[in-house]
Amino acid sequence: MKVENLSKTYRTKGAPPVQALRGVSFTLPDTGMVFLLGRSGSGKSTLLHILSGLESFDAGDITYRGNRFADFSERDRDRYRNSCCGIIFQDYSLITELTVGENIALALRLQGERDTDTRVRHALDQVGLSGCEHRRVTQLSGGQKQRVAIARALVKSPRILFADEPTGALDEQTGKDILMLLKALSKERLVFVVSHDRAFAETFGDRIIELADGQIVSDTAPAAQEEAPEPLPDLPARLPLGTALKLGCRNLLRHPVRLAFTFLLSFLSLAFIGISVSAASFNEVDAYVNALYDQNAELTAVYRYENYESGSTGSAEIIETMLGINNDSSRPIAITKADIDLLEATVKTPVAPVLATNVYSIQDNFSSSSAQEFVDKINAAIIANPNDHFSITPNGYLQIDEELLQFLGYQLTGALPQTPDEIAIPECLLNAFMVIGLRENETDYPITCAEDIIGHTINLKLVLENTSTGQTQPKTITGVIDTGCDISCKRSHAIYQSGLHNMRGGEHYHELLFVCEGYLPEYNYALITLPDERPTRTALVRLVADSTNGQEFLRLSNTFSSDFYHGCLSATLLQNLCLYLSAIFFLFAFLLLINFISASVRDKLQQMGILSALGAGFWENVKIYTGSALLIGAALFLLSSAFVPLYVSLANAFITYYAPTSPTLISVTFWPFAAILLIALAATFLGSFLAMLRYRKVAPAEIIRRGQN
Ligand code: ADP
Ligand code: MG
C-alpha cells in the first residue's frame, strides 16, 4: 500500500479548520506489524480511517495493489472495506441491538457466508471469550467489548487488519495477549496498529511510524516494497434479507412506547381515511339498484313530481324549515304519456299506468246493517285468519290487459274487463265480501267464492285528484285477481305498503281495482315491473336520476322511498364532511409516519455508519431501514384494512341514524384498501429512503460521528 502526499483538513462550521494530516507519504508492506505512534490529536485515527476507506481525504492519493483510491467508485470502496479490511475501532463500534455472536457473524454474512457458527466460535476462542456468543453487547465490560471488536475484525481473515488503540481499554496482561495474537496474525497479513504506547510498539512492532501534528516525524523502515498490482476481489457485500429485517425490527423495537403511539395514531388516521374513502365511493344510482335487489322488489312505481314555492307560514313549518327538517317542497303530479313510453323503452317490459284514489264508494255495496257491525265483522275475521289479507277500500285503478296480467304473474278467476262498464277486483276485496256479504240493488247475496261475485254489479265513483266529486257508475265484476300480495310484504306490490291508516296495526297495502285499456283519463303514477338484469335496472334508476329538469322530475317509489332520499342526503353530507376531514387526517398520518420513520433512521446513524464501515453498501442499509419501515407500513395496512367493513358499517350507521329504515347505502369497494395501502407504504418508504439518501455520499467515519452527536 502506497501513500503519497496525503492531506486532510476538517472543516466544521463556526470553527477554524483543523489540518489533521499534512502531506503524509509512506509505503506499507504486504505483511508484518506496523505501529503508528503519536500523541493524542496528532492525526493517527484520521490516517487509519483514510487508509481503511472510512474517511475522505483532500489531497494526495493511496494505491492498494495497483488500485488507486482516487479512482474508486462507491461500490469499489464498499468492496475494498468488505473484502480487504478488518477494522478495530477505538470506541469498539459494536451494534448494541445484536448479541456478541450476531455482531461477529454480521461481518461474515456481509461476505455472503451463510454458515457462520464455527468461525464465530473460533474467533471468540482466539480473543478469550469462548461461550459468550449469546451475551448482549451492552452487558460487557470495556475490555470485553474491545475483544469482541477484535474478533469481528479478524473473523473474516482480512488482508489488512487496522486496529485503533486496541489495548487502550485492556489491562496489561490482556493487552499483551491481544498484541501477541495480532503479531501471530501479522505473519500472513499487514497489521496496522495505532497506539500511543511506545513500549508495546518497540516490543511487537516490525516497524514504527511516528506522527506529530499530522506529519511523519520518524519511520524505522521507510524502504518498504510496494506490492504487486492485483484487482480488488469481487466480493459484493450482500446482507441476507432475513438478517437485515431482523436488525431493522430490533431497531424499531428499541423505542416500544414511541412505536406503539405512532402506530396507534397512524392506525386511527388510516382508519378514518378508510371511512372517508368508503363514504366518498357512495353512488346514489348503485345504492338504489342495490336497494331494489335487497328488497327483492318485482314492481316499483314511478311518480312525476314538481317543485313548488312553499307558501306556508304556519309556525310549525317555519320552525321545521329553520331546523332544516322540512326541505321537501315537491308534490306528485300526473305522469305523462311520454314518461310511460320512455319507461317502456328503458325497462322493455310492460308499464302499467295507475290512477290512485281511495274508492270508498264500495262500502255501500257491503251488506251490513251498521258501520259498527261492518267494522266488528272485519276485525273478527282478521283475528280469526291472521294470514289473510282484507281490503275494503282499494287505492286506485290499474289498466290491465292479457299481456300485463301474464307478465305480472297474477292469477285470474273469471275474465278481464273489456268495456268501461266492467271491472275486476283484487282478491283482498273478495275476502272482505266473503266476510260481510254483497248488497246489490237492496238485495243481500252471500259470497263464498270468486264465482259467487262474478256477474254482480257494484257502484264505483272515479275520483280525480282535483275533483273531489265524481259520478257514481255501476260496474259489472268480470273476474277476481290474486296479486300474490301477502301480509308479510315480501312479494309484488306489497312494496306499496304505505304505513298510513291501517286496520292491522301498521300495515296497509295499495290494492288496486282493474279496469280495461283506455278507461283512465289520467294517471298518477306508472307501475313498472322490474327486469331481472342488473344493467336494465341501473338504466331505469339512471333514467329517473337524470330526469330532473328544473321544476319537474321523476321519482321511483317503494317502501324505503322517503327514507332512501333522506339516506342519500346524509350519505352526501357524510361524503362532503369526510372529504375535508380526510385531507387533514391524510396529512396527519403521512407526516406522523414520515417523521417517526426518519427519526428512527437518524436515531440509528451510528449503526448505519458501522455497517458501512464493515462494507455494507447503501442498498444493504436500505434493506435494513427501508425494509423494516415497509414492514411497519404493511402491518398498518393489514390492520387498518381489516377493519374496512367496520368503517363501512360505521358510515352506514351514521346514515341510518338519520334515515332509520334506509337500506345499506355504502358498500365495501376496492378504493379504501388502495388508499390505505398507498399512504402506509408511501409514507414509510419515503420517510426511511429520503432520510438515508442524505447520507449516501457521506464517509462512514463521518456518519458514525454524526450518530454519536
Ligand atoms: P488522534 O487519533 O491521533 O488522537 P485524530 O486523528 O483523532 O487524532 O485527530 C486529529 C486532529 O483532527 C485533532 O486535532 C482532532 O481534533 C481533529 N479532528 C478529528 N476528527 C475531527 C472531526 N470530525 N472534525 C473536526 N476535527 C477533527
Ligand atoms: Mg485516535
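So, here is what we can say about the structure in this document. Only a predicted model underlies this, so the values are computations on that prediction, with no experimental measurement involved. (Residues numbered from 1 in each chain as written. Chains lettered and ligands numbered in written order. Predicted model: local features only at pLDDT ≥ 70, side-chain atom pairs only at ≥ 80, totals over all residues. Heavy atoms only, no water.)

### Section: the sheet that holds strand 9 (residues 207-212)
Taken together, the six strands give an open sheet; going across it, the order is 6-7-8-3-9-10, and neighbouring strands pair in mixed fashion. Of all the strands in the sheet, just strand 6 (85-88) and strand 10 (215-219) have a single pairing partner and so form its edges. Going across the sheet, the axis of each strand differs from the next one's by a mean of 20°, ignoring polarity. Sheet topology places strand 7 (residues 160-164) next to strand 8 (residues 190-195); five bridges connect them, and they run parallel. When the sheet's bridge partners are listed, Asp164 is paired in strand 8 with Val194. Across the sheet, helix 5 (residues 142-154) touches strand 6 and strand 7, and the angle it forms with strand 6 is around 175°. (Pairing = 2+ DSSP bridges. Helix = DSSP H or I, 4+ residues; strand = E, 2+ residues; numbered from the N terminus. Axes fitted to C-alpha atoms, helices over the stretch in contact; angles between N-to-C directions. Contact = heavy atoms within 4.5 Å.)

### Notes on the pattern of salt bridges
Summed over all chains, the structure comprises 30 salt bridges. Counted as one network, the salt bridges with shared partners bring together Lys8, Glu55, Glu702, Arg705 and Arg706. (Salt bridge = Lys/Arg side-chain N within 4 Å of Asp/Glu carboxyl O.)

### Considerations on the packing of helix 12 (residues 337-347) against helix 17 (residues 534-545)
Between helix 12 and helix 17, the least distance of the axes is 9 Å, while the angle of their chain directions is 155°. It follows from the interaxial angle that helix 12 and helix 17 lie roughly antiparallel. Counting all contacts with helix 12, which are made through Leu342, Leu343, Thr346 and Val347, the residues of helix 17 involved are Thr536, Ala539, Leu540 and Leu543. Tallied by class, residues from the contact of helix 12 with helix 17 come to six nonpolar, two polar and no charged. (Parallel < 35°, antiparallel > 145°, perpendicular 65-115°, else oblique. Nonpolar A, V, L, I, M, F, W, Y, C, P; charged D, E, K, R; others polar.)

### Concerning the packing of aromatic side chains
Counted by the stated rule, this structure contains 18 aromatic pairs. Here Phe69 and Tyr80 contribute two aromatic rings whose centre-to-centre distance is 5.1 Å and whose plane-to-plane angle is 70°, an arrangement assigned as edge-to-face. Of the two residues, Phe69 sits in the loop between strand 5 (67-68) and helix 2 (74-84) while Tyr80 sits in helix 2, which places them eleven residues apart along the sequence. Comparing Phe69 with Tyr80 shows no difference in burial state: the two are buried. Members of the aromatic cluster, connected to one another through ring pairs, are Tyr64, Phe69, Phe72 and Tyr80. (Phe/Tyr/Trp six-rings, centres within 6.5 Å; stacked < 30°, edge-to-face > 60°. Buried < 20%, exposed > 50% of the residue type's maximum accessible area, 1.4 Å probe, protein only.)

### Remarks on the pairing of strand 10
Direction of pairing for strand 9 relative to strand 10: antiparallel, over a ladder of four bridges. Paired with Glu210 across the two strands is Ser218, which belongs to strand 10. In textbook terms, the turn of a hairpin is the stretch between consecutive antiparallel strands, and for strand 9 and strand 10 this stretch comprises two residues, one of which, Asp213, has a positive phi near 55°.

### Description of a nonpolar patch on the surface
Where nonpolar side chains cluster on the molecular surface, the patch consists of Leu639, Phe643, Leu646 and Leu650 and spans about 330 Å² of accessible area. Tracing the chain through its elements places Leu639 in helix 20 (residues 618-642). (Patch = residues over 30% accessible without salt bridge, like charges linked within 9 Å, V, L, I, M, F, W, Y side chains within 5 Å. Areas by Shrake-Rupley, 256 points an atom, 1.4 Å probe, with all protein chains shown as cover.)

### Some thoughts on helix 4 (residues 117-126)
Residues Val120, Ala123 and Leu124 constitute the buried set of helix 4. Looking straight down helix 4, one finds its buried side chains confined to an arc of 100°; they lie on one side. Elements that come into contact with the buried residues of helix 4 comprise helix 3 (100-109) and helix 5. Within two residues after helix 4, Gly128 carries a phi angle of roughly 75°, on the positive side. (Arc of directions from axis to C-beta.)

### Looking at the pairing of strand 20 (residues 472-482)
Bridge count between strand 15 (residues 411-414) and strand 20: four bridges; the pairing is antiparallel. In the strand pairing of strand 20, Gln411 is matched with Asp482. Across five bridges, strand 16 (residues 422-426) lies against strand 20 in parallel orientation. Bridging across to strand 20, Ile423 finds its partner in Ile477. Here five bridges tie strand 19 (residues 457-461) to strand 20, and the two strands are oriented antiparallel to one another.

### Let's talk about the site of ligand 1
Close to ligand 1 lie 13 residues, the nearest being Gly41, Lys44, Ser45, Thr46 and Arg705. Between ligand 1 and Ser42, the relevant distance is 3.3 Å, taken from an oxygen atom to a main-chain nitrogen or oxygen of the residue. Ser45 has a polar side-chain atom sitting 2.7 Å from an oxygen atom of ligand 1. For ligand 1, whose unbound accessible area comes to 560 Å², protein coverage reaches 68%. Contributing elements (two or more residues each) for the shell around ligand 1: strand 2 (18-27) and helix 1 (44-51). Looking at the shell around ligand 1 element by element, the count peaks at three residues for helix 1. Looking at side-chain class alone, the shell around ligand 1 contains three nonpolar, seven polar and three charged residues. (Near = heavy atom within 4 Å. Polar contact = N/O pair within 3.5 Å; in protein donor to acceptor, adjacent residues only side chain to side chain.)

### Thoughts on helix 22 (residues 671-693)
For helix 22, with 23 residues, the first-to-last C-alpha span of 32 Å sits near the 33 Å given by 1.5 Å per residue. Within helix 22 the residues assigned to the buried category are Pro672, Ala675, Ile676, Ile679, Ala680, Ala683, Thr684, Gly687, Ser688, Phe689, Ala691 and Met692. (Expected span 1.5 Å × (residues − 1).)

### Quick notes on the packing of helix 8 (residues 241-252) against helix 20
One can describe the packing of helix 8 onto helix 20 by two numbers: an axis separation of 8 Å at closest approach and a directional angle of 70°. Put simply, helix 8 runs roughly perpendicular to helix 20. The chirality of how helix 8 crosses helix 20 is right-handed. Residue-level contacts link Leu241, Ala244, Leu245, Leu247, Gly248, Cys249, Asn251 and Leu252 of helix 8 to Lys623, Ile624, Tyr625, Gly627, Ser628, Leu631 and Ile632 of helix 20. (Left-handed = near helix turned anticlockwise from the far one by under 90°.)

### Description of the side chain of Gln146
One can find Gln146 in helix 5. Given a relative accessible area of 1%, Gln146 falls into the buried group. From its side chain, Gln146 meets the backbone oxygen of Glu165 in a polar contact 3.4 Å long. Non-local contacts of Gln146, meaning those with residues more than four positions away in its chain, are made with Ile88, Phe89, Tyr92, Glu165, Pro166, Thr167, Gly168, Ala169 and Leu170.

From the geometry alone we can't say anything about function, so treat these as descriptive.
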